[in-house]
Amino acid sequence: NKNIKSSAAIISATDLKKRIQHHLNSTLGDRVICEDAYKNTPQNKQAYWQATSLALNEIIIDKLQASKVQQAKSATKSINYLSLEYLMGRLLSNNLHNLNLYKSTEKALKSLGFDLADLCEEGADLALGNGGLGRLAACFLDSLATLDYNAMGYGIHYQHGLFKQSFKDGHQIEQPDMWREFGSPWEICRPEATQLIPVYGYVEQQAQTDGSLTSVWRAGKMLKGVPWDIPIVGYNSSTVNALRLWECRADSAFDWDTLNQGDYLQAHHDQVNAETVSKVLYPNDEHDAGNELRFIQQYFFCACSIKDIISRYQLQFGPLTQATSRNFADKVAIQLNDTHPTIAILELMRVLLDEYDFSWQNAWQLAGKVFSYTNHTLLPEALEKWSVSLFEHVLPRHLTILYRINEAFLNDEVNAMWPNNEAMRARLSIIEEGEQRKVRMAHLCVITSHKVNGVAQIHSDLVKKDLFPEFNQLWPEKLTNVTNGITPRRWLKSCNPLLSELLSKHVDDDWAKNLNSLSSLSPLADNASFQKKFMAIKHQNKVALTTEIKTLTGIDVSPEAIFDVQIKRLHEYKRQHLNLLHILALYRRLLADPDLPMQPRVFIFGAKAAPGYQLAKEIIYATNKIAEKINNDTRIQDKLKVVFLPNYRVSLAEKIIPAADVSEQISTAGKEASGTGNMKLALNGAVTIGTLDGANIEIAEEVGDDNIFIFGLTVDEVKALDIKGYNPYHFYETNNEIKACLDWLDTDYFTPGRAGELSSIKQSFLEGGDPYKVLADFESYSDAQQALGVAYQDKKRWAKMAILNTALMGKFNSDRSIEDYVKNIWFLTPSV
Ligand code: 26Y
């Protein structure tokens, strides 16, 4: 096994150079003009990036094959991670770091006249996700391979990932993402593993010879699922796993068949065109839009994945039968990344019942052993509910199975605990009754799974207490916590090379694997010379970001200012508008007293708004307009700058995070399940200003109260306020600063000649009832910002805080999260 590990390490720069040249000359069809003068044209850089990636992928594929052999030999249990989203970002730099080939590739490219870091910028982001949930899946894949677990990620091969964002006169414009317009060097098509997926049609009751009735599904259409594998390279491990993404195509043979039966119009009535199924990632997060195509996306990918899991199992362990079903559960675990892949439960049941002749009891038992579910949100608007009529139309057979699961659950489990309690039956039923009957996907997940986890301690507590209290009563062992994590490979080693090098000089252990070892830096937090080195690196990273800001926005900022960063999807609950309100207050204070003693500040935003989320888009517009005014106001002597970086995505995060001084984690307490950006920023030495929400609480526990700025209402205080009745007008009427800033939004000060353009934000606070308690938390936030500004001016104090944040993030290594899943939920052993 040692051999597999070292096989990559022995590849020399000379060898790599040959491999790159080979791909330039043959695979890419001699695309490069090889005279020195032409070397750094955009076309050449693209070609060299592609050739380098192809050369690397060849090495990776060798390891992928070796891993498969090793995994088969060790006969280890596999984890199959089902997720509609994977925010992978770019792969070149990370793959090189994980294989320990960065230095030699750098050397190889240098001899060819190219800079590796520069070439890495050529790759498109794999943006097959919206935000936190999708990025978490990507971090988990990295950790699983690093820890030598046998894992497969399953998802959709979207033709277009998350939209590209630009600003036009301050407004968000969405453009299609073209990540694989000309293919991607990392993908391997696997036509041999194509799956056929029935959809639509009707269920027929068929009499058996013994007189019983069986349900037979006569499908109305066939979809074809073609898998594309992206290798997932472990860090300094021998494992390469795969992310298997399904592309949807029409099954022409089937359509031809229906055509010949004369059912052409019938078969095509109301039905989606196959290619559209994997065409585009839905850009909503935390808001369920609920339409047919999204539903078919979910089903399509679940069905392909379940069939693939079973066929991989059978290939290795032999036929799946009732007699061997225990073995299946010993070898296969399936994790549902939120409720989006819930249909996998119904599909597994259907396949076992209809295709493998399982009894109901056996099938249901197996499903319970195999599935577990992660909840990522408490927001009611994000909890998926699909209408029964849609189910009936698209998946009639699955609906009958769902009804039977529900019946058994209500009659056996609910009735045993709460006998003849109609109200409780209605509350817990998978079906929500009403004018439109709906399927509560989360209920199906909880009822089926052997474990259900939240993603940070407080969130998991709230899942038990507020979201599923009855389920928790029924099954006290089922609901549990796994605090999220991030991979230190991408979020420190690869994105912050200067800091990485410094850390490696002072920490004996390989911190990129054992992140806890960074705690040995704690004694150095007070050491003047270490402080100087640490802060010099922060400064250098800020200089680099300054250049990036200039390129992307034309705005000049000074690296001497505090870089205060809020980067995440745009949502009212995340409260970018609290940040904005405070910026208005600072601006107002500066106008009143231009000599106000204050460390210059740059407020940096990065955020995409869901295209249909009106208020979120207006907050972007307002931020851009306010930024324009502030950045050009000479009266305030550059003490305040506001930058909204367009097209926030993984690769942009990798540039912002190493340069951040302050991390804004300011959600209303109880609303942010965990957050993971908070971990990335703290790991890179940014100090958090945040509420007691999500993983902020655990970050505060790790770094200590002196090294974080906590403000605002707690979860219990928010609840109490809701019970008492929250009146935002109170704050508007009693706090002059709030009143002045909100009234400012009604004027044309920021939008000359167009008064009222920013009024909707004020309205959401007042007539809208301020659902996220922005006004209630404003003063406390403003005080915390004030304290933070004072702390920054004490250079030693700040350096100490920053260092301790980096040193004490060990807990948030995604390797730790994965080990938690392994011990409590998946029960895996490493294959090596
Ligand atoms: C139903 C559909 C519209 C939908 C699509 C995407 C609903 C939700 C989402 C995405 C949710 C998400 O990203 N949640 C975030 O998950 C992170 C990882 O656990 C958490 O850190 C973060 O707090 C949570 O908001």
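Residues numbered from 1 in each chain as written. Predicted model: local features only at pLDDT ≥ 70, side-chain atom pairs only at ≥ 80, totals over all residues.

1. What about the overall build of the protein chain?
Reasoning step 1: Along its length, the protein chain carries 34 helices and 25 strands.
Reasoning step 2: Against the globule reference of 28 Å for 832 residues, the protein chain gives a C-alpha radius of gyration of 28 Å, in line with a compact fold.
Reasoning step 3: The proportion of buried residues among the 832 residues of the protein chain is 50%. (Helix = DSSP H or I, 4+ residues; strand = E, 2+ residues; numbered from the N terminus. Rg over C-alpha atoms; globule rule 2.2 N^0.38 Å. Buried ≥ 20, exposed ≤ 12 C-beta atoms within 10 Å, placed from the backbone.)

2. Notes on the sheet that holds strand β16 (residues 431–432)
Reasoning step 1: Spatially, three strands are ordered β15-β17-β16 in an open sheet, and the strand pairing comes out antiparallel. The open sheet has two edge strands with one neighbour each: β15 (385–387) and β16. (Pairing = 2+ DSSP bridges.)

3. Comments concerning the nonpolar core
Reasoning step 1: Grouped together as the largest cluster of nonpolar side chains are 240 residues, with contacts concentrated most on Tyr299, Phe300 and Val643.
Reasoning step 2: If you tally residues by element for this core, the top one is helix α10 (residues 292–317), at ten residues.
Reasoning step 3: Residues in contact with Phe300, not counting those within four places in the same chain, are Ile197, Leu223, Gly225, Trp246, Cys248 and Val277. (Core = buried A, V, L, I, M, F, W, Y, C linked by C-beta atoms within 7 Å. Contact = placed C-beta atoms within 7 Å.)

4. Section: the pairing of strand β5 (residues 164–168)
Reasoning step 1: One ladder, built from five bridges, connects β5 with strand β6 (residues 171–175); its direction is antiparallel. Paired with Phe167 across the strands is Gln172, a residue of β6.

5. Quick word on helix α15 (residues 396–417)
Reasoning step 1: Between its first and last C-alpha, α15 extends 31 Å over 22 residues, near the 32 Å set by a 1.5 Å rise per residue.
Reasoning step 2: Of all bends in α15, the biggest is about 30°, found at Leu410.
Reasoning step 3: Regarding α15, the residues found buried are Arg397, His398, Ile401, Leu402, Ile405, Asn406, Phe409 and Val414. (Expected span 1.5 Å × (residues − 1). Bend = angle between axes of the 7 residues up to and from the residue.)

6. As for helix α22 (residues 528–553)
Reasoning step 1: The terminal C-alpha atoms of α22, which comprises 26 residues, lie 36 Å apart, in line with the 38 Å expected from a rise of 1.5 Å per residue.
Reasoning step 2: All buried positions along α22 are accounted for by Phe534, Ile537, Lys538, Asn541, Lys542, Leu545 and Ile549.

7. Comments concerning the packing of helix α12 (residues 343–355) against helix α13 (residues 360–370)
Reasoning step 1: Following both chains from N to C, one finds α12 and α13 inclined at 145°, their axes separated by 9 Å at the closest point. Seen along the crossing, α12 lies across α13 with a hand that is right-handed. Across the interface between the two elements, Ile345, Leu348, Met349, Leu352 and Leu353 of α12 pack against Ala363, Leu366 and Ala367 of α13.
Reasoning step 2: Its residues assigned to classes, the contact of α12 with α13 comprises eight nonpolar, no polar and no charged. (Axes fitted to C-alpha atoms, helices over the stretch in contact; angles between N-to-C directions. Left-handed = near helix turned anticlockwise from the far one by under 90°. Nonpolar A, V, L, I, M, F, W, Y, C, P; charged D, E, K, R; others polar.)

8. Brief notes about the UniProt feature "modified residue: N6-(pyridoxal phosphate)lysine" (unreviewed entry) in the protein chain
Reasoning step 1: Mapped onto this numbering, the UniProt entry annotates "modified residue: N6-(pyridoxal phosphate)lysine" (unreviewed entry) at Lys680.
Reasoning step 2: Ignoring anything within four residues of it in the chain, the contact list for Lys680 reads Ile486, Trp491 and Ile657. (UniProt positions renumbered as here; feature names shortened; annotations may be inferred.)

9. So, unusual backbone geometry
Reasoning step 1: Its identity is not glycine, yet Asn236 carries a phi of approximately 50°, on the positive side.
Reasoning step 2: Locating Asn236 in the fold gives a position in the loop between β11 (221–233) and β12 (240–250).
Reasoning step 3: Residue Asn236 is classed as partly exposed on the basis of its 16 C-beta neighbours within 10 Å.
Reasoning step 4: A positive phi angle is found at Asp638, which is not glycine, with a value near 60°.
Reasoning step 5: You can see Asp638 is positioned in the loop between α24 (614–631) and β22 (640–645).

10. Comments concerning the packing of helix α2 (residues 13–27) against helix α5 (residues 102–111)
Reasoning step 1: Running from N to C, α2 and α5 point in directions that differ by 60°, and their axes come no closer than 8 Å. Here α2 lies oblique to α5, going by the angle between them. Considering the relative orientation of α2 and α5, their crossing is right-handed. Together, Ala13, Leu16, Lys17 and Ile20 of α2 and Ser104, Thr105, Lys107, Ala108 and Ser111 of α5 make up the contact between the two elements.
Reasoning step 2: Residues of the contact of α2 with α5, tallied by class, amount to four nonpolar, three polar and two charged. (Parallel < 35°, antiparallel > 145°, perpendicular 65-115°, else oblique.)

11. So, the sheet that holds strand β23 (residues 662–665)
Reasoning step 1: The strand order β22-β21-β20-β23-β24-β25 describes an open sheet built from six strands, whose pairing is parallel. Strands at the two margins of the open sheet, each flanked by one partner only, are β22 and β25 (709–710).
Reasoning step 2: As judged from the six bridges shared by strand β20 (residues 562–567) and strand β21 (residues 601–606), these two strands associate in the parallel manner. Pairing of Ile567 across the sheet is with Gly606, part of β21.

12. What about the environment of Asp288?
Reasoning step 1: Relative to the helices and strands, Asp288 is located in the loop between α9 (264–268) and α10.
Reasoning step 2: A tally of 20 C-beta atoms within 10 Å means that Asp288 is categorised as buried.
Reasoning step 3: Considered as a pair, Asp288 and Trp386 are 98 residues apart in the sequence and their alpha carbons are 9.5 Å apart.
Reasoning step 4: Other than its neighbours up to four places away in sequence, Asp288 contacts Glu381, Ala382, Leu383, Glu384 and Lys385.

13. A look at the environment of Ala669
Reasoning step 1: Structurally, Ala669 can be placed in the loop between β23 and α26 (677–683).
Reasoning step 2: When the C-alpha atoms of Ala669 and Leu99 are compared, they prove to be 41 Å apart, with 570 residues separating the residues in sequence.
Reasoning step 3: The contact partners of Ala669, leaving out residues within four places of it in the chain, are Thr691, Leu692, Asp693, Gly712, Leu713, Thr714, Val715 and Val718.

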